[in-house]
Amino acid sequence: MKRKTSRITTIVHRDLTESVVTTLKNQGVLYYQIEPGRYPVLAKRGLWFFDFYQNHAIIDMPVSIIEIICEESAENFLISMIRDAAELNIPGHGSVYSESIDLISANHHFYIHTSQEIKKPIGFTGLTGIFCVLPRGSAEPIARLVLQNGIAVPTISYGTGTGLRDRLGLLRITIPKEKEILKLIVHSSDIEHVLDFMIEVGRLDLPGRGFIFEFPVGHGLLNTKVSLEGPKQAASMDQIISALDQLYGNMEWRKKSNQFRISLRHRNYFEGVNLVLNCKEESMEFVTSALRKVGVTSSTISLKRMAHTGNSESIFTPAREVANLLIPKKNLPEVIEVLNELEFFDEKFEGIAYTMEIPRAFSYQSKKSNKK
């Protein structure tokens, strides 16, 4: 039932969406998922003297986030096609990266894209992703500091939280149900410092503030545009960084770890599995409620659209709900057992599920849970 595959995530400026979608259709990609998001960039500073002593304003660029599940052998070809379609060598156009996942479904093999075309690997390796869920309105301060330090270009999308908020009594009225999902890709040598930095700025060690985890990235091409400041020379700093990445063939020269201060605070990280559930809209709340009996108490749900490019009718309902559940690895078999009992993978829910290993995660843990 479990099958090793790849997930290709493409984040492009909204104006480039049509170009990427047309390429996917021409290459025979039958299904892909799409959702709107934004990537923040630093605004231009004004000419007034005092502007240099104020924080940069943030300008949001609209993006489309496109996900494709494919055979591992098709990964390089797809990334190559997307790079050419969106001209991802130009700063500001977007990013594309791959992750290794375990697809849990025996009946949806047609959902996985296959290709006979063989391409050499492109993009940079040595990367790690960060996934962070925060209350609505909390992502911008983190994004600003990430951009000002030149760490990465984050992407922000939206979701709805369940679980912990419902168990906080009077505190629940101060914790909005609406969430922001902030994702960024960094060089692996910087991950420990960036995680610590984001936990501190986002105050993730407090109840109801969300959670954060790192995830392995295969290889990718990343957006380098952090600011709208125009170039005063023949090339902008974003273009110079992009050119140096290609010249060195990696991003190691950009590592920032020596520039971060080392936190003296001990972080109680834990490991687990990120279980991603995908089903028809207005079905996920029922599924996550059923999973509470095996200890799955919180999740973040977002809305996506399942697009179909074939001539025949799609077997999936386009409006989808996607939930991210962070669970201990040992609990995965009983969670899958509950999903099978619910007939999650049948027509009732049109469910798709996959997992990825999470080597390090963090969220608020009460003293009671720490003693266990």
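Quick caveat, the model's predicted, so the values are computed rather than measured.

(A) Structural context of the overall build of the protein chain. The secondary structure content of the protein chain amounts to eight helices and 13 strands. Within the protein chain, the proportion of its 372 residues that are buried is 55%. Excluding contacts between residues fewer than 6 apart, the proportion of contacts in the protein chain whose partners are at least 24 apart in sequence is 83%.

(B) Local environment of the pattern of salt bridges. Under the counting rule described, the total for this entry stands at 15 salt bridges. Of the charged contacts in the structure, one is a salt bridge between glutamate 214 and arginine 360, with a shortest N-O distance of 2.8 Å. Taken together, the residues span a long stretch of sequence, with glutamate 214 in strand β8 (residues 211-216) and arginine 360 in strand β13 (residues 352-363) at a distance of 146 residues. Connected through salt bridges with shared partners, the residues Arg7, Glu35, Glu67, Glu99 and Lys304 form a single ionic network.

(C) Spatial organisation of the pairing of strand β12 (residues 319-327). Most of β12 sits inside the fold, with seven of its nine residues counted as buried. Sheet analysis places strand β10 (residues 270-280) next to β12, joined by eight bridges and oriented antiparallel. Residue pairing across strands places asparagine 278 opposite valine 322, the latter belonging to β12. Taken together, the six bridges between strand β11 (residues 299-308) and β12 define a ladder with antiparallel strand orientation. Within β12, the residue paired with arginine 305 across the bridge is alanine 319.

(D) View of the environment of lysine 2. Its location among the elements puts lysine 2 in strand β1 (residues 2-13). Owing to a relative accessible area of 53%, lysine 2 belongs among the exposed residues under this scheme. Between the C-alpha atom of lysine 2 and that of leucine 103, which follows or precedes it by 101 residues, the distance is 5.6 Å. When residues no more than four places from it in sequence are discounted, the contact partners of lysine 2 are Asp102, Leu103 and Leu332.

(E) Main features of the environment of leucine 204. By the element assignment, leucine 204 lies in the loop between α4 (191-202) and β8. Spatially, the C-alpha atom of leucine 204 lies 9.5 Å from that of valine 133, the residues being 71 residues apart in sequence. When sequence neighbours within four positions are dropped, the list of residues in contact with leucine 204 reads Cys132, Val133, Leu134, Met198, Ile199, Arg209, Gly210, Phe211, Ile212, Phe362, Ser363 and Tyr364.

(F) Looking closely at helix α1 (residues 17-26). Residues of α1 that are buried include every one of Thr17, Val20, Val21, Thr23 and Leu24, and no others. Summarising the axial view, the buried residues of α1 lie within an arc of 160°, below the 170-degree limit, and thus occupy one face. Opposite the buried face of α1, by more than 90 degrees, sit the exposed residues Glu18, Lys25 and Asn26. On its buried face, α1 sits against β1, β2 (31-42), β3 (58-70) and α2 (75-86). Looking one or two residues beyond α1, the residue adopting positive phi is glycine 28, at roughly 80°.

(G) Focus on the side chain of serine 299. Within the secondary structure layout, serine 299 lies in strand β11. Apart from residues no more than four positions distant in its own chain, serine 299 is found in contact with Thr160, Gly161, Thr162, Thr288, Asn324 and Leu325.

(H) Just the pairing of β1, in detail. The buried count for β1 comes to nine of 12 residues, which makes it a mostly enclosed element. Pairing of β1 with strand β4 (residues 94-104), which is carried by 11 bridges, proceeds in the antiparallel orientation. Looking across to β4, one finds that arginine 3 is bridged to leucine 103. With eight bridges joining them, β1 and β3 adopt antiparallel strand pairing. Counted as the bridge partner of isoleucine 11 is isoleucine 65 from β3.

The rules we used
Each chain carries its own residue numbering, running from 1 in the written order of its sequence. With pLDDT at 70 or above as the cut-off, local features in this predicted model cover only qualifying residues; side-chain atom pairs require 80 or more to be listed or tallied, and sums for whole chains, interfaces and linings still use all residues. Excluding hydrogens and water, the side-chain values take into account all heavy atoms of the structure. Secondary structure follows DSSP: runs of H or I at least 4 residues long count as helices, runs of E at least 2 residues long count as strands, and numbering of each begins at the N terminus. We call a residue buried when its accessible area falls under 20% of the maximum for its residue type, exposed when it is over 50%, and partly exposed in between, using a 1.4 Å probe and counting protein chains only. Contacts are assigned to residue pairs with any non-hydrogen atoms lying within 4.5 Å of each other. Whenever a carboxyl oxygen of Asp or Glu lies within 4 Å of a side-chain nitrogen of Lys or Arg, that contact is scored as a salt bridge. Two strands pair if DSSP finds at least two bridges between them. Working definition: the arc comes from the directions between the helix axis and the C-beta atoms, pointing outward to the latter.

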